[in-house]
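Listed here are the chains, written in short residue letters.
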Amino acid sequence: MKNYKFPILSLAIIGVAMSFNSCKPKSVSNAVSGDAASKVYVAPGKYDEFYNFVSGGFSGQMSVYGLPSGRLLRVMPVFSVDPEKGWGYSEETKPMLNTSHGFVPWDDLHHVQLSKTNGDYDGRWVFGNANNTPRVARISLKTFRTEEIIELPNSAGNHSSPFITENTEYVVAGTRFSVPADNDKGDVPINTYKQNFKGYLSFISVGKEDGKMDIAFQLQCPGVNFDLSRAGKGVSHGWFFFSCYNTEQANTLLEVNASQKDKDFIMAVNWKKAEEYLKAGKGKKMPVKYAHNTYSDKTHSATSEIRTEVTVLDAKELKDICYFFPCPKSPHGCDVNPTGEYIVGSGKLAAIIPVFSFDKLIKAIAAKDFVGDFDGIPVLKYESVLYGEVKKPGLGPLHTEFDNKGNAYTSMFVSSEVVKWNIKDLKVVDRVPTFYSVGHLCVAGGDTKTPNAKYLVAYDKITKDRYLPTGPELSQSAQLFDISGDKMQMILDFPTIGEPHYAQIVPADLIKNNSLKIFKIEENKNPYVSMGEGATKVVRDKNRVDVYMTAIRSHLTPDNIEGIKMGDEVYFHVTNLEQDWDVPHGFAIKGATNGELLVMPGETQTLKWTPDKVGISPFYCSDFCSALHQEMQGYVRVSPAGSNVPLMFSTGKNMPLVGETNKK
Amino acid sequence: MKKIITISSLFSIALFIAACGGDKSESTQSAAAVNESPAAGGVEQYDPKRGEGKFKDVTVPEKLDETMAEEGKKNTFDVKCSACHKLTEEKLVGPGWKGVTSRYQPAWIMNFITNTDEMINKDPAAQAQLEICLVRMPNQSLTDEAARAVLEFMRKNDGVK
């Protein structure tokens, strides 16, 4: 009893302290006001109002949260293997992680973009980028599964990606680390950066109906670091904007050497013009090697194809595609407001936020208002493109998103706050602290034509003392703000998987009703499907043994298998016969050096197993499925190589030869 | 004989476990049933002969539709039912199918196989079966046509010519 009193008492003290300190919002405890809990409370059994798709950073995955509750709904495996879901372990999913370097089990997923129609989310797909081994993935929002991954040649550090045009015409992928082209002699001194290194921007077309991705063309640009990008929209539809740093073209100690110039660039790309050149045959075919992987919901398996050619447009040669305009101090975010008129540059080291005007940009290009060129690309005059500067916004601006009332919200890494400012008069109207060192932020619909100004989430780079300590490594930290009023109000702190970079917030109504519940077993075209228990079998072809197995509550068929021998390679093709929502079955076998399967209703997945010991190996269902889940198991008998134990399989009956084989 | 004894003793143990815990599938199913059918628990009197679901009066002709019965076997029984149901009276996971068409009305059967969760939650006969089998029959997502075809196959199995 005594123990209870102290916390209550201290709570009361904090409560009192809060009212005294209300003018000092920096303290950890008092940044939350009294009604916050009711604003984020989603009663048990009720749904959240929004989905929040969040990049998983160096986990390589993408996570899905509900807002405003901050509940983690799912982690979708994308670029990294996921033993829980068999992703990258089952024979069917392995090809999804194939690249020109072979099977790559990990990557770093930075940015998340939902597909758009007319500049608004259409709820069909979500895209993610792989930063390390450059790739872009497309995830279906019907199945919440990765359906397609395309690799990007001539690229390294795929960072300004996967940003999207207003009708999902293109997903772009700009290289952060310029490199010599894949086909060039790459064996050059590193300090020949200026001569030999180039920046390639890939424009990936997206099939209108099926979403299929294809590299339509690459733009060959000067060697700098292409950092982030956003598509134009509305008035600026047809243009793309890329922030560039390291215009010093340094190749060592970039921390110092890429921070020399007062201004770097934002590059404006007229992609409609690029399309014209492409049509006119101005592209050059370049030999390359990249993987294109697709997953089919019909065959429940992936195929990987290596492609060998890409079309390249030279931005230096084809004069009127690319223009640079100066932007202070190593710009990071370059974000476009809902009308498409304003482009906000965020210089990581700048003390102002410059806002550029698309109208002025077009006029300056027409007037050839150039101050010179950079490696053959014209550079416009800063003042000729500038709409105005936000003065003293804070320190270290990184990213900006927008609401539907003419406000912009910029994350300030160094001063650890979110700053709200008005786009028209460029005045700061509100600021709130974040905990700590906010990187990305996200407003509901904040990069669309029609944002929903209800919530903002700040994704922080440092967690420190926000949650119970868990040793040196802590979960990542995010804060939810109610931005519906004049003042931003922090209403929730929630941990996330590592590391959240960009995210998107979309109304649940756009997605939840299209979510698939089961795969129809009638439509299962996996070559190893068992259409019903009667179709199960075990087939030997030399040392390859295919087990066609079914799972249904609560047995696996066959569940007694004999006649497997050392030296065999056994493929368990498990078909889940269930046709009911949320009844996956798992499959695991003792000693498997591979992983497990998780098989959705109506799906077939395959686990390869190479027995390494003579004896009995049990297998079982690893996902609790029913009252008799514990009974969902079976045995494989492994005999020495060359043994004469016949191949036998059954369920629910002891094998006819039981007495005889026992004697042997 | 030995096998049957083992199975039934297993079931009686499982009965106690299930009674206090409740399993994952059970809880999700009942939640789904509540969400999907706002009409559930309405004022209408429950008719245990007809069951709960979209089928009111299902009339079947005296003679068997051989083609339909074959379809029901091939497309549905073999793929979605045979893992748990035998065509004899013997119980496997669920009860054997022999005699099912004389124990239940056609509408009850079609409601049960298309609206399984709600029927298990409501219907006394279905609940009695659950106490014996202890595995909630999964909804196998049958179309109306598939359900009708399976019924025809059940009739064939029960000797209708």
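Residues numbered from 1 in each chain as written. Chains lettered and ligands numbered in written order. Predicted model: local features only at pLDDT ≥ 70, side-chain atom pairs only at ≥ 80, totals over all residues.

K.L.:
Looking at this structure, how should I read the overall build of chain A?
P.N.:
A tally of helices and strands in chain A yields eight helices and 45 strands. Taken against the 2.2 N^0.38 rule, which gives 26 Å for 664 residues, the C-alpha radius of gyration of chain A at 28 Å falls within 12% of a compact globule. Overall size of chain A, expressed as C-alpha extent along the three principal axes, is 95 × 75 × 45 Å. Residues classed as buried in chain A amount to 52% of the 664 residues present. (Helix = DSSP H or I, 4+ residues; strand = E, 2+ residues; numbered from the N terminus. Rg over C-alpha atoms; globule rule 2.2 N^0.38 Å. Buried ≥ 20, exposed ≤ 12 C-beta atoms within 10 Å, placed from the backbone.)

K.L.:
In this structure, what is going on with the domain arrangement of chain A? I would like to understand it.
P.N.:
Quoted interface sizes are often the accessible area lost when the parts come together. All names here are of chain A. Examined at the domain level, chain A breaks down into domain 1 (53-514) and domain 2 (528-663). Of note, the centres of domain 1 and domain 2, computed from C-alpha atoms alone, are 45 Å apart. Taken together, the contacts link eight residues of domain 1 with 12 residues of domain 2. For the side of domain 1 that touches domain 2, the class distribution of residues is two nonpolar, three polar and three charged. (Domains from an automatic or database assignment. Contact = placed C-beta atoms within 7 Å. Nonpolar A, V, L, I, M, F, W, Y, C, P; charged D, E, K, R; others polar.)

K.L.:
Is there a simple way to think about the packing of helix α5 (residues 106-114) of chain B against helix α8 (residues 144-157) of chain B in this case?
P.N.:
The relative placement of two packed helices comes down to the angle between their axes together with the axis-to-axis distance. Residue and element names in this part refer to chain B. It is the contact of α5 with α8, at a shortest axis distance of 10 Å, that shows an interaxial angle of 125°. By the angle between their axes, α5 is oblique relative to α8. At the point where α5 passes α8, the crossing takes the right-handed sense. Counted together, P106, I109, M110, I113 and T114 of α5 and A147, R148, V150, L151 and M154 of α8 form the full contact between these two elements. (Axes fitted to C-alpha atoms, helices over the stretch in contact; angles between N-to-C directions. Parallel < 35°, antiparallel > 145°, perpendicular 65-115°, else oblique. Left-handed = near helix turned anticlockwise from the far one by under 90°.)

K.L.:
Explain the interface of chain A and chain B here, please?
P.N.:
Residue-level contacts link 24 residues of chain A with 21 residues of chain B. Considering only residue class, the side of chain A that touches chain B consists of 11 nonpolar, eight polar and five charged.

K.L.:
I tried to follow the nonpolar core on my own but got confused; where do I start?
P.N.:
If you look at soluble globular proteins, the nonpolar side chains tend to sit buried side by side. Residues I266(A), F325(A), L456(A), V457(A) and F481(A) are the most contacted members of the largest nonpolar core, which totals 130 residues. Top element by residues in this core is strand β15 (residues 239-245) of chain A. It accounts for six residues. What I266(A) contacts, discounting residues up to four positions off in sequence, is F241(A), F242(A), S243(A), C244(A), F325(A), C327(A), P331(A), C334(A), I343(A) and G345(A). The next biggest cluster of nonpolar side chains, apart from the first, holds 68 residues, and it includes F587(A), L598(A), Y104(B) and A107(B). (Core = buried A, V, L, I, M, F, W, Y, C linked by C-beta atoms within 7 Å.)

K.L.:
What is the right way to look at α8(B) in this model?
P.N.:
Side chains that are three or four residues apart share a direction in an α-helix, a result of its 3.6 residues per turn. Residues and elements named next belong to chain B. Compared with an ideal rise of 1.5 Å per residue, which puts 14 residues at 20 Å, α8 spans 20 Å between its outermost C-alpha atoms and is within 8% of the ideal. When α8 is considered as a whole, its buried residues turn out to be A147, R148, A149, V150, L151, E152, F153, M154, R155, K156 and N157. Contacts from the buried residues of α8 go to α3 (66-81), α4 (100-103) and α5. (Expected span 1.5 Å × (residues − 1).)

K.L.:
Whenever I open this one, the sheet that holds strand β3 (residues 71-76) of chain A confuses me. Can you help?
P.N.:
Whenever strands of a sheet pair, they do so through backbone hydrogen bonds, lying parallel or antiparallel. Residues and elements named next belong to chain A. If you trace the four strands from one edge of the open sheet to the other, you get β3-β2-β1-β34, paired in antiparallel fashion. Either end of the sheet is taken by a strand with one partner, and the two such strands are β3 and β34 (503-507). Adjacent strand axes in the sheet meet at a mean angle of 20°, parallel and antiparallel pairs treated alike. Judged from the five bridges that link them, strand β1 (residues 50-55) and β34 form a sheet pairing that is antiparallel. Counterpart to N52 in the pairing with β34 is I505. (Pairing = 2+ DSSP bridges.)

K.L.:
Which parts of the structure should I look at to understand the pairing of β1(A)?
P.N.:
Where a strand is regular, its side chains alternate between the two sheet faces. Residue and element names in this part refer to chain A. The element β1 is extensively covered by neighbouring structure, given that six of its six residues are classed as buried. Along β1, one buried face is formed by F50, N52 and V54 and the opposite face, lined by Y51, F53 and S55, is buried too. Inspection of the sheet shows β1 paired to strand β2 (residues 62-67) by six bridges, in the antiparallel sense. In the sheet register, F50 faces β2, and the bridge partner there is L67. Once β1 ends, the chain turns through six residues before running back antiparallel as β2, passing G57 with a positive phi of about 50°.

K.L.:
Before we go on, may I ask you to explain the pairing of strand β26 (residues 397-402) of chain A in this structure?
P.N.:
Within β26(A), six of the six residues are buried, which leaves the element mostly enclosed by the surrounding structure. In sequence, β26(A) turns back onto strand β27 (residues 407-412) of chain A through a hairpin of four residues, with G406(A) there showing a positive phi of about 85°.

K.L.:
What is the right way to read α5(B) from this model?
P.N.:
With eight of nine residues buried, α5(B) is to be regarded as a mostly interior element. Taken residue by residue, α5(B) has A107(B), W108(B), I109(B), M110(B), N111(B), F112(B), I113(B) and T114(B) as its buried positions.

K.L.:
Can you walk me through the confidence of the model for chain A in this structure?
P.N.:
Any segment with low pLDDT has predicted coordinates that should not be analysed in fine detail. All names here are of chain A. Within chain A, residue pLDDT values average 93, and 94% of them lie at 70 or more. Long-range and interchain partners of residues 1-28, a stretch whose pLDDT sits below 50, account for nine contacts in this model, where long-range means more than four residues apart. Low pLDDT, under 50, characterises residues 658-664; the stretch is placed with one contact to residues that sit more than four places away or in other chains. (pLDDT = per-residue confidence, 0-100.)

K.L.:
Even after reading the chapter, I still don't get the sheet that holds strand β22 (residues 352-357) of chain A, so can you show me in this structure?
P.N.:
Residue and element names in this part refer to chain A. With antiparallel pairing, four strands are arranged side by side in an open sheet as β20-β21-β22-β25. The open sheet is flanked by β20 (331-336) and β25 (386-391), the only strands paired with a single partner. For this sheet, the mean angle separating the axes of adjacent strands, direction not counted, is 20°.

K.L.:
Can you help me understand the packing of α3(B) against α8(B) in this one?
P.N.:
Residues and elements named next belong to chain B. Where α3 contacts α8, the two axes come as close as 7 Å, and the packing angle between them is 110°. With respect to each other, α3 and α8 are oriented roughly perpendicular. The two elements α3 and α8 cross, and the hand of that crossing is left-handed. On the side of α3, the interface is formed by M68, A69, E71, G72, K73, N75, T76 and F77, while α8 contributes A146, A149, V150, E152, F153, R155 and K156. Of the residues that constitute the contact of α3 with α8, the class distribution is seven nonpolar, three polar and five charged.

K.L.:
Please clarify how the environment of E533(A) should be interpreted in this entry.
P.N.:
Take E533(A): it is sitting in the loop between β34 and β35 (537-541). Residue class for E533(A) comes out buried when judged on the 24 C-beta atoms lying within 10 Å of it. Considering only alpha carbons, one finds E533(A) and I552(A), 19 residues apart in sequence, at a separation of 9.3 Å. With residues near it in sequence (within four places) discarded, E533(A) still touches T550(A), T557(A), S82(B) and A83(B).

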